[in-house]
Amino acid sequence: MDEIRILQQETEQLRAQVALQNEQARRARNELANENRRQLQQLQAQMQDAVRRHDTEAQARYERLLEQHKNALERDMRSELAKSDEQYGRLEQEVRRNEQKLEQKNRELEQAIEELKKDTSRRNEGSSTEAQSYIDKATETYRVINAKPHKKFAPNRLKIYTNSIQDSLQLMKAGLYEAAAAVAISARSGLERLGCTIDDKEAEWERTYDLFAMKLQYLREKAEQEIADWQDHVHITGGEAQKALSTAEIAYWSRGEYTSVLQTLDRLTDIDRGICGKPRAQYMKQADSVSEDDLKRFIAETEEADKKLAQMRELYKNRYTASCERVEWGEQLIDFMTGEIDLEFIERLTGHRKASAEVLASKEHTDYVRMILGDPSIKEDMREWLRIVFENAAGARIYIYITPVESGANVVNRIIMHIEQGGRVREEYSRDIYAHIIEALGVDSEVVNYAADVKELTVSTNKAFRETGKDLERVTGA
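Just so it is clear, the structure is predicted and the values come from calculations on it, not from any experiment.

**Section: the side chain of H365**
At step 1: On the secondary structure map, H365 appears in helix 14 (residues 363-372).
At step 2: Among all residues touching H365, those that are not within four sequence positions of it are Y252, A355, V359, L360, I378 and E380.

This is how it looks when you write it as structure tokens:
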């Protein structure tokens with residue numbers, strides 16, 4: 001037993017030294033990460049106002065700090081500090097050496113305990129009072145660790161020490177006091193190491209959660225600001241009822257991207273409420289509490305939604321503006337062609353592209369035609385081309401498509417003209433109509449494209465032109 005006491009003392013001294021050095025290293029690592037976190041928290045209070053004011057400089061700084069904080073969680077902080085801090089590097093080396101010594105002493109202690117447990121000839125040797133004292137200390141340490149979220153951060157590890165304490169009690173009953181004391185000493189040592197592991201993992205979870213919460217709040221502020229920006233864009237104001245209408249409009253013109261962002265935001269907000277809805281210690285013990293890997297996945301989803309919001313921000317507004325221009329151009333063409341050159345307007349062949357079955361079934365389409373247009377039976381897609389058809393006195397039909405062409409966030413309208421003439425195509429007449437379109441709209445010549453050959457249009461590299469060509473092929477039977 002003397003050998004075990006000596007090993008115990010050496011082990012406890014090493015454990016205390018390693019614990020102290022680990023705490024010093026942990027403080028150094030936390031200082032590096034927490035400085036950035038403090039800046040984030042200071043900026044977080046200002047972010048709502050920065051988003052409202054479109055303060056890109058403040059937002060860029062906040063986003064940069066968020067990314068730095070994320071990198072600090074993901075990268076090996078030890079190696080980063082070791083590179084920049086010579087004192088920290090020496091401390092880490094000393095910690096590793098002492099941890100190796102501690103592991104060796106623990107192995108020696110466990111081996112000595114095993115030998116003592118097998119030596120039944122030493123029954124009734126040692127003090128039962130001393131053994132009971134070691135068992136009580138191990139049991140008290142067990143209670144402390146059992147109160148921690150060990151199932152979450154160290155599943156099935158506590159059971160090992162439960163069995164060890166039970167073993168020590170059995171050895172005590174058998175009169176093997178020295179062996180009982182030794183097992184209790186070993187159990188307490190292991191429990192203390194387990195407690196440090198759980199504390200470290202819990203602290204890492206908290207840091208990851210903080211990052212998730214900050215990113216989620218930032219996304220929420222930007223998603224809400226998008227509604228105010230849209231209302232400014234279309235020159236409307238209003239309360240909750242108008243907010244619902246604006247949400248439907250943004251969803252429609254973004255082709256469902258805004259809906260996707262809101263769905264992600266709502267789902268992650270529900271998860272966040274679940275985390276915050278109970279005291280943290282109680283939440284951590286729930287079987288369904290989220291893991292650190294879950295939080296990292298939620299962070300990635302938040303970032304993806306934020307990226308989607310940024311990509312669509314200008315595009316959907318430009319789609320709307322281009323759609324208004326198509327309607328305006330259509331009205332100007334009808335007025336000019338019927339009033340100035342006496343063409344007949346064929347209303348039954350005029351209109352926006354028919355929505356596909358997929359679009360008709362989408363929530364953004366059904367909400368838009370019901371809430372904004374007030375007619376759920378509408379099956380046209382206002383985001384697509386507008387076809388206007390005229391006929392001259394000779395029976396030749398003039399098809400004019402006002403087609404949106406997207407490039408990045410930009411949306412420009414292009415006009416495709418086709419004249420369906422019986423017999424030989426009159427090039428002079430085609431040039432006249434081409435000139436009339438330019439005159440009616442006051443646009444540059446590159447905006448208007450004359451498509452004499454429908455087949456050629458159907459194989460265009462420009463998707464918008466290609467789709468227009470397919471419709472021309474369908475309506476003209478070309």
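**Regarding the packing of helix 8 (residues 177-233) against helix 9 (residues 240-253)**
At step 1: Contact geometry for helix 8 and helix 9: axes closest at 10 Å, N-to-C directions at 90°. On the basis of their axis angle, the class for helix 8 and helix 9 is roughly perpendicular. Within the contact between the two elements, helix 8 uses E226, I227, W230 and Q231 and helix 9 uses Q242, K243, S246, T247, E249, I250 and W253.
At step 2: Within the contact of helix 8 with helix 9, the residues separate by chemical class into 4 nonpolar, 4 polar and 3 charged.

**Quick word on unusual backbone geometry**
At step 1: Unusually for a residue other than glycine, H235 sits at a positive phi of about 60°.
At step 2: Structurally, the position occupied by H235 is in the loop between helix 8 and helix 9.
At step 3: Of the residues examined, H235 reaches a relative accessible area of 72% and is grouped as exposed.

**As for the packing of helix 5 (residues 128-146) against helix 7 (residues 157-173)**
At step 1: Closest axis-to-axis distance for the helix 5/helix 7 pair is 11 Å, and the angle between their directions is 160°. The angle between helix 5 and helix 7 places the two elements in the roughly antiparallel class. The element helix 5 and its partner helix 7 pack so that their crossing is left-handed. For the pair formed by helix 5 and helix 7, the contact residues are S128, A131, Q132, I135, A138, T139, Y142, I145 and N146 on the first element and L158, T162, I165, S168, L169 and M172 on the second.
At step 2: Of the residues contributing to the contact of helix 5 with helix 7, the split by class is 9 nonpolar, 6 polar and no charged.

**A short note on the layout of surface pockets**
At step 1: One number sums up the size of the second largest pocket: a volume of about 470 Å³.
At step 2: If you go around the second largest pocket, you meet 19 residues; those closest to its centre are R255, R353, E384, K463 and E467.
At step 3: Only strand 4 (397-407) and helix 17 (463-476) provide two or more residues apiece to the lining of the second largest pocket.
At step 4: Here the lining of the second largest pocket gets 4 residues from one element, more than from any other, and that element is strand 4.
At step 5: Among the residues forming the lining of the second largest pocket, the class breakdown is 6 nonpolar, 3 polar and 10 charged.

**A short note on the packing of aromatic side chains**
At step 1: A complete count under the given rule lists 13 aromatic pairs for this structure.
At step 2: Arranged with centres 5.7 Å apart and planes meeting at 45°, the rings of F212 and F298 form a pair that is tilted. One end of the pair, F212, is in helix 8; the other, F298, is in helix 12 (residues 292-339), with 86 residues separating them in the sequence.
At step 3: Note on W253 and Y368: the rings are 5.9 Å apart at their centroids and 85° apart in plane angle, and the pair reads as edge-to-face. With W253 in helix 9 and Y368 in helix 14, this pair connects stretches of sequence that are 115 residues apart. Both residues of the pair, W253 and Y368, count as buried.
At step 4: In this structure an aromatic cluster arises from ring pairing among W230, Y252, W253, Y316, Y320 and Y368.
At step 5: Positioned above the aromatic ring of Y209, the side-chain terminus of R280 is 5.0 Å from the ring centre.
At step 6: It is R383 that lies over the ring of Y252; its NZ or CZ is 4.1 Å from the centre.

Conventions used here
- Residues numbered from 1 in each chain as written.
- Predicted model: local features only at pLDDT ≥ 70, side-chain atom pairs only at ≥ 80, totals over all residues.
- Heavy atoms only, no water.
- Helix = DSSP H or I, 4+ residues; strand = E, 2+ residues; numbered from the N terminus.
- Contact = heavy atoms within 4.5 Å.
- Axes fitted to C-alpha atoms, helices over the stretch in contact; angles between N-to-C directions.
- Parallel < 35°, antiparallel > 145°, perpendicular 65-115°, else oblique.
- Nonpolar A, V, L, I, M, F, W, Y, C, P; charged D, E, K, R; others polar.
- Buried < 20%, exposed > 50% of the residue type's maximum accessible area, 1.4 Å probe, protein only.
- Left-handed = near helix turned anticlockwise from the far one by under 90°.
- 1 Å grid on protein atoms, 1.4 Å probe; cavity = no way out; pocket = protein on both sides within 12 Å on 5 of 7 lines; lining within 4 Å.
- Points joined across faces, edges and corners; volume = space filled by probe spheres on them.
- Phe/Tyr/Trp six-rings, centres within 6.5 Å; stacked < 30°, edge-to-face > 60°.
- Lys NZ or Arg CZ within 6 Å of the ring centre and 35° of its normal.

The values reported here are purely geometric and, on their own, carry no functional implication.
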